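Structure assessment
Residues per chain, in single letters:
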Amino acid sequence: MTEQPFLSVSNLTKHFGGSGFSRAPVVRAVEDVSFDVPRGKVVGLVGESGSGKTTIGRSVLRLIDPTSGTVRLDGVDLTAMSARDLRRQRAKMQYIFQDPFASLSPRMTIGQILMEGLGIQGTGTRRDREDRARAALKAVELPADAFDRYAHEFSGGQRQRIGIARALALEPQLIVADEPVSALDVSIQAQIVNLLRDLQTRLGLTMLFISHDLAVVEYICDTVIVLYLGRIMEIAPAAELYANPRHPYTRALLSAIPEPVPGRASRRQILTGDIPSPSNPPSGCVFRTRCPHAIDACAQVVPPLEAVGRDHRSACIRNHELETAEAVPA
Amino acid sequence: MTAASTSTEIATPPARARGPWVRAWSRFRANGAALTGLAILIPILVAVATYPLWWTFGPNDIDLKAMNQGPGPSHWFGTDGVGRDILARLLQGGRISLTVAFVSVVVSIVIGFLVGAIASFGGKVVDNGIMRLVDLAMTLPPVIFLLVLASIAGTGIVPTIVVISLLSWPVLSRMVRARLLELRERDFVVASRGMGASMWHLLFRHGLPNCIDIIVVYATLQIANAILLEAGLSFLGLGIAPPQASWGNMLNAARSTVVMEQYIWQWMFPGGALVLTVLAINFLGDGLRDAFDPRSDLN
């Protein structure tokens, strides 16, 4: 790759707790995660609850400070930046929240919410800010009279549009969308996903799309990263990942997608047990406790991400043995 | 592909072009108790503010021909033991009592909010340090603390304000801290931080508006409490010293059984004014809290 990636995350690690006088065990939310997002592309982060998706999303924007590792946005190291410089950089990168009911202040009108960031960044005059806020409202297809209303007057889908408009008002280049549709009704989900995709294409946004819904991720993302217990299991272009999953965890996830054609029963590969506690992860490969293909060697080494195809990497020591192993083990 | 299809599906909320203040006022207007409170409080405030313009007697004018006189056509509320007009003293006392209460509440809100804000936004070490100080301030026995402070600060309006404010801020700072700690993790505050908000912005654009219910409730309870504290201090001779009038030192007259039994107008009127004002302020505060809560539209 000759072009410098727009967003580059390397060796990102985030541990919670364990410092000071606290006796609570360290929670290893994210362990040594590295990935790049080229300009104008959408990268999906998928995984179960507790796999560290949100922690990565928030660390990338430095809404939480990572324990170690670096995040570079357009060549600038965000992790080494002072709080003051970071505040100016924040106009370039915005977050879309999961819960549209918690992400809008109950005490501000929609107009105030949309103009807040512009005011913080000191963009233009008051009139300019209002014009930009109204343009953002229009971009998310909400009526202009929403401007003077309060958030509680809107439905979940409309609120999520407002949340998207707030992020867009600052004209950011990077958007981190944290499960933007998982709190919505299925019928509304499609609208919001389409809206996000249209906006992304039209504005050339770079996007990190966090979700546990594999169908949504396949639809919107160029590249998909599969996470498990704070580690990357597999990275591949979306089409490739769905057509040719290599990691046993990805295969299990994909087999859980409901088959839309009746009678064409998919071969379900049901994972047993729960995701282990991130404060006490298994040694070696973190997935080995639930992996149908686990062997003794899996407990010994942390499997590195190995190339298994073009732009396709998987973290499994049995990558090559399992290449053709489609069958569900007895 | 979606622009046409989705825009028609978004239900437009019923047209309502009223601004937030208009809506708050309409909620307030629907609250009978609050309106009653306002109806009691406004005449009291107007009377207290304007009495020199329409009442012939001054608070310290002595009418030697009318000592301990009951209510009548010349002295509407009667006179006290040295012939001073009770109505004039009541109104002047109201000025002082209400000023002391209002200013001390404003001072304690400012101190309480800032201390709570610094504790909740300043990190673990600052928080622990400040909260232990607050604990210390709260464990001081109030009456003894008041007496010591008052004997150091002396009598008069400013020392009384200082004493009452210093005693009352810790409760508010605890409530503000608890609210802000919870608020700090809310998504819309995280969003604001994500847009580059400074601590100042977070505190005054998100912290303060979301503490307004706490502050209004605290203010109304505390104004009532401060009026009573002032009365108590003055009653003990440590607040507003005679010959200056205050509701508290007027009540002091009732210590004498003669006054208590025979000249009831000398303590009934200040006592009544005290009770009426405190009640009215409490009703008003209740109404204001409901009016400022945008979610109350939903109920």
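Numbering of residues starts from 1 in each chain and follows the order in which that chain's sequence is written. By the order in which they are written, chains take letters starting at A while ligands take numbers starting at 1. pLDDT decides what is reported in this predicted model: residues at 70 or higher carry local features, side-chain atom pairs at 80 or more are listed and counted, and totals for whole chains, interfaces and linings draw on all residues regardless.

Some points on the domain arrangement of chain A
All names here are of chain A. For the domains described, the bounds stem from an automatic or database domain assignment. The domains assigned to chain A are domain 1 (7–221) and domain 2 (248–330). The distance between the C-alpha centroids of domain 1 and domain 2 comes to 30 Å. Counting residues per element, the side of domain 1 that touches domain 2 draws most heavily on strand 2 (residues 27–37), which supplies 3 residues. Here the residues of the side of domain 1 that touches domain 2 are counted per class, giving 6 nonpolar, 1 polar and 2 charged. Runs of H or I in DSSP of at least four residues are treated as helices and runs of E of at least two as strands, each being numbered from the N terminus. Gly falls in the polar group here, along with every residue not listed as nonpolar (Ala, Val, Leu, Ile, Met, Phe, Trp, Tyr, Cys, Pro) or charged (Asp, Glu, Lys, Arg).

A short note on the sheet that holds strand 9 (residues 223–228) of chain A
Residue and element names in this part refer to chain A. Across the sheet, 8 strands lie side by side as 6-7-8-3-9-10-12-11; this open sheet has mixed pairing. If you trace the sheet from one side to the other, it starts and ends with strand 6 (93–96) and strand 11 (306–309), each paired once. Adjacent strand axes in the sheet meet at a mean angle of 20° when their direction is disregarded. At least two DSSP bridges between two strands are required for those strands to pair. Only the stretch in contact is used when fitting a helix axis, every axis being a line fitted to C-alpha atoms; angles between N-to-C directions are given from 0 to 180 degrees.

Examining the interface of chain B and chain A
Working definition of a contact: two residues with C-beta atoms, positioned from the backbone, lying within 7 Å. Contacts between the two partners involve 29 residues from chain B, matched on the other side by 37 residues from chain A. Counting only elements with at least two residues in the side of chain B that touches chain A, the list comes to helix 1 (3–9), helix 8 (187–194) and helix 9 (199–235) of chain B. Among the elements that take part in the side of chain B that touches chain A, helix 8 of chain B stands out by supplying 7 residues, more than any other. Counted by class, the side of chain B that touches chain A contains 13 nonpolar, 12 polar and 4 charged residues.

Here's the deal with the packing of helix 8 of chain B against helix 9 of chain B
Residue and element names in this part refer to chain B. Running from N to C, helix 8 and helix 9 cross one another at 145°; their axes reach a closest spacing of 11 Å. Relative to helix 9, helix 8 is oriented so that their crossing is right-handed. Two secondary-structure elements touch here, helix 8 through Val189, Ser192 and Arg193 and helix 9 through His201, Leu202 and His206. Grouping the constituent residues of the contact of helix 8 with helix 9 by class yields 2 nonpolar, 3 polar and 1 charged. Handedness of each helix crossing follows the sense of rotation of the near helix against the far helix: counterclockwise by less than a right angle gives left-handed, clockwise gives right-handed.

A short note on the sheet that holds strand 1 (residues 7–16) of chain A
Residues and elements named next belong to chain A. An order of 2-1-4-5 is seen for the 4 strands of this open sheet, with the pairing classed as antiparallel. A strand with exactly one partner marks an edge of an open sheet, and here the two such strands are strand 2 and strand 5 (76–77). Sheet topology places strand 1 next to strand 2; 7 bridges connect them, and they run antiparallel. Opposite Leu7, over in strand 2, you have Val37 as the bridge partner. Docked against the sheet, helix 1 (residues 53–60) engages strand 1, strand 2 and strand 4 (68–73), running at close to 120° with respect to strand 1.

A short note on helix 8 of chain B
Think of it as a crowd count around each C-beta: if 20 or more other C-beta atoms lie within 10 Å the residue is buried, if 12 or fewer it is exposed, and in between it is partly exposed, with C-beta placed from the backbone throughout. In terms of burial, helix 8 of chain B is largely enclosed, as 7 of its 8 residues are buried. Check the buried side of helix 8 of chain B and you find it contacts strand 6, helix 3 (110–121) and helix 5 (156–169) of chain A together with helix 7 (157–184) and helix 9 of chain B. Looking at the residues trailing helix 8 of chain B, positive phi occurs at Gly196(B), about 100°.

What to know about unusual backbone geometry
Negative phi characterises most residues that are not glycine, and trans characterises most peptide bonds. Residue and element names in this part refer to chain A. Positive phi is not limited to glycine here, since Asn11 has a value of about 50°. Within the secondary structure, Asn11 is located in strand 1. The phi dihedral of Glu179 falls on the positive side, at around 45°, and the residue is not glycine. Within the fold, Glu179 resides in the loop between strand 7 (174–178) and helix 6 (186–203). The buried category is assigned to Glu179, around which 21 C-beta atoms lie within 10 Å.

Topic: the environment of Ser192(B)
Take Ser192(B): it is sitting in helix 8. Distance in space between the C-alpha atoms of Ser192(B) and Leu140(B) is 39 Å, their sequence separation being 52 residues. Residues contacting Ser192(B), with those up to four places away along its chain left out, are Glu116(A), Ala197(B), His201(B), Leu202(B) and His206(B).

Structural notes on the nonpolar core
The nonpolar core is taken to be a set of buried Ala, Val, Leu, Ile, Met, Phe, Trp, Tyr and Cys residues joined by way of C-beta atoms within 7 Å. Leu114(A), Ala165(A), Leu208(A), Phe209(A), Ile225(A) and Val226(A) are the most contacted members of the largest nonpolar core, which totals 94 residues. There are two domains that each give this core at least three residues, and those are domain 1 (7–221) and domain 2 (248–330) of chain A. In this structure, Val226(A) is in contact with Val46(A), Gly47(A), Met233(A), Glu234(A), His247(A), Tyr249(A), Thr250(A) and Leu253(A), ignoring residues within four places of it in sequence. Phe57(B), Ile164(B), Ile227(B) and Leu284(B) belong to the second largest nonpolar core, which has 60 residues in total.

A few points about the confidence of the model for chain B
On average, residues of chain B score 83 in pLDDT, and 91% of them reach the 70 mark or higher. Note on residues 1–17 of chain B: pLDDT is under 50 here. Beyond four places in sequence and across chains, it has 17 contacts. Known as pLDDT, the predictor's per-residue confidence is scaled from 0 to 100.

Quick word on helix 7 of chain B
Each helix should span, by expectation, one fewer than its residue count multiplied by 1.5 Å. Relative to the 40 Å expected for 28 residues at 1.5 Å per residue, helix 7 of chain B spans 39 Å between its end C-alpha atoms, a close match to the ideal helical length. Along helix 7 of chain B, the largest kink reaches about 35° and is centred on Trp169(B); proline Pro170(B) follows within four residues of it. Two axes enter the definition of the bend at a residue: one is fitted to the seven residues ending there, the other to the seven starting there, and the bend is the angle between them.

Remarks on the packing of helix 5 (residues 124–139) of chain B against helix 7 of chain B
All names here are of chain B. Where helix 5 meets helix 7, the axes come as close as 9 Å, and the angle between the chain directions of the two elements is 140°. Relative to helix 7, helix 5 is oriented oblique. The interaxial crossing formed by helix 5 with helix 7 has left-handed handedness. Here Val134, Ala137 and Met138 of helix 5 lie close against helix 7, whose contacting residues are Pro170, Ser173 and Arg174. Residues of the contact of helix 5 with helix 7, tallied by class, amount to 4 nonpolar, 1 polar and 1 charged. Here is the rule for angles: anything less than 35 degrees is roughly parallel, anything more than 145 is roughly antiparallel, 65 through 115 is roughly perpendicular, and the remaining ranges are oblique.

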